[in-house]
Amino acid sequence: MDPDVIITDLKMPLMGGIEMSRKIRETDRETPIIITTAFDDKEVILKAVDVGINKYIVKPIDTEALLGALSEVSVQVLKIQDGILTGSGLIVDREEKLKKEADIKQIFATLLKEETGKGPQVVKVFIQGTIVKVTLDSVLTKMELSMIANEKNYRMISYTREVFYLDRKERMEEAMSGQLGMDVMLRHVTCNAKENRDDLQFELKIY
């Protein structure tokens, strides 16, 4: 389960707070990050802000300051969980969000039906902030199901399905961009033949 808020120290044994924040921002642009440190250094603060942290608290930590920072970022967390962050603003209308998710479900149901001859039994779409998560259950074709009777084929089938999606990356991105009205980028593909499930993660590109 992904965290709602991340609080980290600037100096840690294996990886500093700024480096950790930078790595987090490579895949997660929305989860609020609060850094605490004993250094009251403007250059460090600027570097942390450039990385994409939300708040910076100097030690010794004042309880009210920390609670205030958590209160501020909690508003952002609630908005992200309930809406879609787009280039023109935050969509928080539940009906509009559900419609967007339903439209994306149809994209993947149609894609698999056209390309493999079998549509998924269940398509789940969840839009959170700039991230679109798509889960497809019961996706294997009859041939794939017969092949995984031999457990040695699990990895091969999972790999070929991942290649299937990557080969259709542009088609999926264009279709989703059309529905959401903004550029979309495929970030991750994970296929699990053993569980008969494919998971895809997209990111809305904010300029």
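What comes next is a walk through the structure. (Residues numbered from 1 in each chain as written. Predicted model: local features only at pLDDT ≥ 70, side-chain atom pairs only at ≥ 80, totals over all residues. Heavy atoms only, no water.)

### Considerations on the side chain of S177
So the rule is basically this: Helix and strand assignments follow DSSP, with helices taken as H or I runs no shorter than four residues and strands as E runs no shorter than two, numbered in order from the N terminus. Contacts: residue pairs with any heavy atoms within 4.5 Å of one another.
Along the polypeptide, S177 turns up in helix α7 (residues 169–180). Ignoring anything within four residues of it in the chain, the contact list for S177 reads M182, D183 and V184.

### Side note on the packing of aromatic side chains
Convention followed: For Phe, Tyr and Trp, rings pair up if their centres lie within 6.5 Å, where Trp contributes its six-membered ring, and each pair is then called stacked (planes under 30 degrees apart), edge-to-face (over 60) or tilted (otherwise). Think of it in three bands: residues with accessible area under 20% of the maximum for their type are buried, residues over 50% are exposed, and the middle band is partly exposed, with areas taken using a 1.4 Å probe on protein chains only.
In the structure shown here, the tally under the stated rule is two aromatic pairs. With a centroid separation of 5.9 Å and an interplanar angle of 55°, the aromatic rings of F108 and F202 are classed as tilted. Of this pair, F108 sits in helix α4 (residues 94–116) while F202 sits in strand β9 (residues 197–204), and the two are 94 residues apart along the sequence. There is no split in this pair, since F108 and F202 are both buried. Relative to Y165, the ring of F164 lies with its centre 5.1 Å away and its plane at 80°, an arrangement referred to as edge-to-face. For F164, a relative accessible area of 12% translates into the label buried. We classify Y165 as buried; its relative accessible area is 0%.

### Considering unusual backbone geometry
With omega at -5°, the peptide bond leading from K59 into P60 counts as cis. Its place among the elements puts P60 in the loop between β3 (55–58) and α3 (63–82). The backbone of S138 shows a phi angle near 55°, a positive value even though the residue is not glycine. Tracing the backbone through its elements, the reader meets S138 in the loop between β7 (131–137) and α5 (142–147). In the Ramachandran plot, N196 falls in the positive-phi region, its phi being about 55° despite a non-glycine side chain. Here N196 shows up in the loop between β8 (184–192) and β9.

### Overview of helix α6 (residues 154–167)
Heads up, the rule is: Multiplying one less than the number of residues by 1.5 Å gives the expected span of a helix. By arc we mean the arc of the directions from the helix axis to the C-beta atoms, nothing more.
With 14 residues, α6 should cover 20 Å at 1.5 Å per step; its first-to-last C-alpha distance of 20 Å lies within 8% of that length. Restricting attention to buried positions, one finds in α6 the residues I157, S158, R161, F164 and Y165. What you see down the axis of α6 is that its buried residues fit within an arc of 115°, all on one side. Among the exposed residues of α6, those oriented more than 90 degrees off its buried face are R155, Y159 and D167.

### Some points on the nonpolar core
The condition is simple: Nonpolar cores are built from buried Ala, Val, Leu, Ile, Met, Phe, Trp, Tyr and Cys residues. Side-chain atoms within 4.5 Å join them into one set.
Within the largest apolar cluster, 29 residues are counted, with the highest numbers of intra-cluster contacts made by F108, V132, V134, L200 and F202. Of all the elements in the fold, those that place two or more residues in this core are α4, β6 (122–128), β7, α6, α7, β8 and β9. Once residues within four sequence positions are removed from consideration, V134 is found in contact with I104, F108, V123, K124, V125, D198, D199, L200 and F202.

### Here we look at the sheet that holds β9
What counts, and what does not: DSSP calls a pair of strands paired once it identifies at least 2 bridges connecting them. Only the contacting stretch of a helix is used when fitting its axis, a line to C-alpha atoms as for every element, and angles between N-to-C directions run 0 to 180 degrees.
Across the sheet, four strands lie side by side as β6-β7-β9-β8; this open sheet has antiparallel pairing. If you trace the sheet from one side to the other, it starts and ends with β6 and β8, each paired once. Neighbouring strand axes in the sheet, compared pairwise and without regard to direction, differ in orientation by 15° on average. Summarising the sheet, β6 and β7 pair through seven bridges and their orientation is antiparallel. Its bridge partner being in β7, Q128 is matched across the sheet by I131. Seen against the sheet, α6 touches β7, β8 and β9 and runs at an angle of roughly 165° to β8.

### A word on the pattern of salt bridges
Applicable threshold: Just to be clear on terms, a salt bridge is a Lys or Arg side-chain nitrogen sitting within 4 Å of an Asp or Glu carboxyl oxygen.
One pass over the full model with this rule turns up 11 salt bridges. The salt bridge partner of D9 is K59, with a shortest N-O separation of 2.4 Å. Here K59 lies in the loop between β3 and α3 and D9 lies in strand β1 (residues 6–9), a separation of 50 residues in the sequence. A relative accessible area of 33% places K59 in the partly exposed class. With a shortest N-O distance of 2.7 Å, R187 and E203 are connected by a salt bridge. Placement of the pair is R187 in strand β8 and E203 in strand β9, with a sequence separation of 16 residues. Taken together, the salt bridges that share partners define one network made up of E114, E115, R168 and R171.

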